[in-house]
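Residue-level listing of the chains:
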Amino acid sequence: MARNSPAPQESFNDVLAWLDADREKAAVMYVQLRHDLAKIFQWNRCIDPEGLTDEVFDRVAKKVRYLIHTFEGDPRLFFYGVARNLIKEVPKKMRTQVSLEDVDLGAAPIKDSRNETAELRDDCLQLCLKELSSERRELILAYYSREKQAKIDHRTEMARQLGISVETLRVKAHRIRSKLEQCMERCLNSKSPRED
Amino acid sequence: MKERPMTDALIRDFLLGKVDDEVRQEIESGFITDSEAHERILAAEQDLIDDYLENTLTQADKEFFLSNYAGTADQKRRLRISKTIKDWANGETTEDVAVTSRWNKFRHQISLRPFVVIPVAATLLVAITLFVVLLNQRAQEKNSLLALEQEIARLNSPSTLHAAPRSPDLILAPISVRGVENKNELAVGSDSSIVELRLVWLQKEDYPTYRAVVQQVGNEKSLVVSNLLGESDSGTKIRLRLPARALPHGLYRIRLAGVDAAGVTGPEEEYTFNVRR
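Residues numbered from 1 in each chain as written. Chains lettered and ligands numbered in written order. Predicted model: local features only at pLDDT ≥ 70, side-chain atom pairs only at ≥ 80, totals over all residues. Heavy atoms only, no water.

Engineer: Help me out: how do you make sense of the overall build of chain A in this one?
Structural biologist: Scanning chain A from terminus to terminus reveals eight helices and zero strands. Along its sequence from the N terminus, chain A presents helices and strands in the succession α-α-α-α-α-α-α-α. Put simply, 66% of the contacts in chain A that link residues at least 6 apart link residues at least 24 apart. Approximately 10,800 Å² of chain A is accessible, and the part contributed by carbon and sulfur atoms is 52%. (Helix = DSSP H or I, 4+ residues; strand = E, 2+ residues; numbered from the N terminus. Contact = heavy atoms within 4.5 Å. Areas by Shrake-Rupley, 256 points an atom, 1.4 Å probe, with all protein chains shown as cover.)

Next comes the structure, spelled out in structure tokens:
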């Protein structure tokens, strides 16, 4: 999405200050909020979630000096409100259906702008697995070692043995997998940079 | 806005576009502000991706999923990454990884079960300890046997025999010519350090050297003494010196054979004697 007019640096600083008085905490919140808003745009089937996220920050930045004194509550909810308005404004994805063949992950590798092969992903996986502690590696391995119906019973048993709820186990596995996925993305980016 | 519990089913419906705007906004604002809800939603999204990869989504859900989660290059990449991780966990990826994962699976299965791991670990510990003790014992036995054989070799070297002559403690004839074996008794006192035997050689042919194998009856271990020399003093006798400590109380058998210049061993003679302490 083409941005109307990017916010100046001073406004960006004000946005950070509004998120949290501690600049480091504010920076972390900023990054997280950007990620979350992009996700929300994606869930709402919007084209260019990243561009829309930029637009949200630009719009908020323009009002931030006023908002600091007037808005009550969690500032993140204001960002979300702006995002909701944007969702109503922008067109949804033109292409609401993707042919199954296009993403059939069991079939031959799909061509895209990156030259990523299964071997490269395996290499990255191996590298990233080394960054996990053995305990985490084994947990995620066990968590994803079963499929379909068997995985439900298996995860219930795992949770019982670990003395935690299935929900807690699920979140634990999710955190590890997220780290693993992020690491793999970084690894793939470094080994097969975008051609476009 | 009415608050409602954020159940897994509700989150899944949200992810599949099956909720109204009001519920959608509740979930999305929770996603932004509530870290617990945030993680639950992302975990549910991962589960949805897994279900797609396992081909367990209905056709309608699959189509919605594809339009929302496989539309861009980044989304496709994420799906491929997810598939790579799942394949690894399922042991379906490359051979090396598969080997690692199978081993890890085994280790994990073991490690997660205290009721299995404790007895297994204890058994392994005992087995390893016994194995180490056994190895040490064997090494010690081997070393002491080696030391003993070296000592015997030194005792029976021509220079030692010549330098320190002594009268024999026992003269033994081969059992083929003895009527009563147990008359050959060797009394070994506590002060004795060496005993000397004279083995009568009755075969016609004499040899440059002789080889004796000394064995306590009932004991598998034996002492091999090579390069023994014969003395031709009123018939050939072979002098054999042994450390007294190598001869505990009991019945002994010696097999003696001549060794020719080419190293070929001739016929054996057998001798027996009792050690009394």
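There is more to say after this.
Engineer: Could you clarify how one ought to interpret the interface of chain A and chain B in this entry?
Structural biologist: Size of an interface, as often reported, equals the accessible area lost when the parts are brought together. Each partner contributes residues to the interface: chain A has 65 residues there, and chain B has 67 residues. Buried surface at the junction of chain A and chain B, summed over both partners, amounts to about 6,400 Å²; 54% is from carbon and sulfur atoms. Put simply, chain A and chain B have eleven salt bridges between them. As a salt-bridge pair, D47 of chain B and R170 of chain A come within 2.7 Å of each other at their nearest N and O atoms. Counting the contacts that link chain A with chain B gives 29 residue pairs in polar contact (both at pLDDT 80 or more). Tallying contributions element by element places helix α8 (residues 166–191) of chain A first for the side of chain A that touches chain B, with 13 residues. (Buried area = accessible area lost by both parts, 1.4 Å probe. Salt bridge = Lys/Arg side-chain N within 4 Å of Asp/Glu carboxyl O. Polar contact = N/O pair within 3.5 Å; in protein donor to acceptor, adjacent residues only side chain to side chain.)

Engineer: For this particular structure, what's the right way to read the environment of F71 of chain A?
Structural biologist: One can find F71 of chain A in the loop between α3 (49–70) and α4 (75–89). Those residues in contact with F71 of chain A, other than ones at most four positions away along the chain, are W18 and F78 of chain A.

Engineer: I'm lost on a positive patch on the surface in this one. Help?
Structural biologist: Residue and element names in this part refer to chain A. Together, R136, K172, K179 and R186 make up a region of like positive charge exposed at the surface. Looking at the positive patch, the element that brings in the most residues is α8, giving three residues. Relative to the helices and strands, R136 resides in helix α6 (residues 134–143). Of the residues examined, R136 reaches a relative accessible area of 35% and is grouped as partly exposed. (Patch = residues over 30% accessible without salt bridge, like charges linked within 9 Å, V, L, I, M, F, W, Y side chains within 5 Å. Lys, Arg positive; Asp, Glu negative; His and termini not counted. Charge placed at Lys NZ, Arg CZ, Asp CG, Glu CD. Buried < 20%, exposed > 50% of the residue type's maximum accessible area, 1.4 Å probe, protein only.)

Engineer: Can you help me understand the sheet that holds strand β8 (residues 250–259) of chain B in this one?
Structural biologist: Residues and elements named next belong to chain B. Reading across from one edge, β2-β9-β8-β4-β5 is the order of the five strands in this open sheet, with mixed pairing throughout. Where the open sheet ends on each side, the last strands, each with one partner, are β2 (185–187) and β5 (222–228). Across the sheet, the axes of successive neighbouring strands diverge by a mean angle of 30°, strand direction being ignored. (Pairing = 2+ DSSP bridges. Axes fitted to C-alpha atoms, helices over the stretch in contact; angles between N-to-C directions.)

Engineer: Would you mind showing me how to read the layout of surface pockets here?
Structural biologist: To locate leftover empty space, one rolls a probe as large as a water molecule over the atoms. Each pocket or cavity is described by its volume, and for the largest pocket that value is around 1,400 Å³. Residue lining of the largest pocket: 40 residues in total, with H35, K39, Q42 and E185 of chain A together with R78 of chain B positioned closest to the centre. Only α2 (23–43), α3 and α8 of chain A together with α3 (35–53), α4 (59–69) and α5 (73–89) of chain B provide two or more residues apiece to the lining of the largest pocket. For the lining of the largest pocket, the residue count by class is eleven nonpolar, twelve polar and 17 charged. Two domains each provide a minimum of three residues to the lining of the largest pocket, namely domain 1 (9–96) and domain 2 (116–191) of chain A. In this structure, the second largest pocket encloses a volume near 370 Å³. Taken together, 16 residues line the second largest pocket, and the ones lying closest to its centre are L145, L148, N219, K221 and L223 of chain B. Of all elements in the fold, only α7 (114–155), β4 (209–216) and β5 of chain B reach the threshold of two or more residues within the lining of the second largest pocket. For the lining of the second largest pocket, the element with the highest residue contribution is α7 of chain B, accounting for five residues. (1 Å grid on protein atoms, 1.4 Å probe; cavity = no way out; pocket = protein on both sides within 12 Å on 5 of 7 lines; lining within 4 Å. Points joined across faces, edges and corners; volume = space filled by probe spheres on them. Nonpolar A, V, L, I, M, F, W, Y, C, P; charged D, E, K, R; others polar. Domains from an automatic or database assignment.)

Engineer: Is there a simple way to think about the sheet that holds strand β6 (residues 230–232) of chain B in this case?
Structural biologist: Neighbouring strands of a sheet are bound in pairs by backbone hydrogen bonds; such pairs are parallel or else antiparallel. All names here are of chain B. The four strands lie next to each other as β1-β3-β7-β6, forming an open sheet whose pairing is mixed. Two strands bound the open sheet, and with one partner strand each, they are β1 (170–172) and β6. Taking the axes of each pair of neighbouring strands and ignoring which way they run, one obtains an average angle of 30° across the sheet. Strand direction decides the pairing type here: β6 and strand β7 (residues 236–243), joined by three bridges, are antiparallel. Paired with E231 across the bridge in β7 is K237.

Engineer: What should I look at first to understand unusual backbone geometry in this one?
Structural biologist: Most peptide bonds take the trans form, and the phi angle of most residues other than glycine is negative. Positive phi, normally seen in glycine, also occurs at D48 of chain A, with a value near 60°. By the element assignment, D48 of chain A lies in the loop between α2 and α3. A positive phi angle, close to 60°, is found at N227 of chain B, a residue other than glycine. Position of N227 of chain B among the secondary structure elements: in strand β5.

Engineer: Any chance you could explain the pattern of salt bridges here in plain terms?
Structural biologist: If charged atoms from side chains of opposite charge come close, those side chains can pair. Counted under the stated rule, the structure contains 35 salt bridges over all chains. With a shortest N-O distance of 3.6 Å, E167 of chain A and R40 of chain B are connected by a salt bridge. In this pair, E167 of chain A is assigned in helix α8 and R40 of chain B in helix α3, connecting two distinct chains. Take E167 of chain A: its relative accessible area is 24%, and that puts it in the partly exposed class. Note that E28 of chain B and R24 of chain B form a salt bridge whose closest N and O atoms lie 3.3 Å from each other.

Engineer: What exactly am I supposed to notice about a nonpolar patch on the surface here?
Structural biologist: A surface patch of nonpolar side chains, about 540 Å² in accessible area, is lined by V120, L124, I128, F131, V132 and L135 of chain B. Note on placement: V132 of chain B falls in helix α7.

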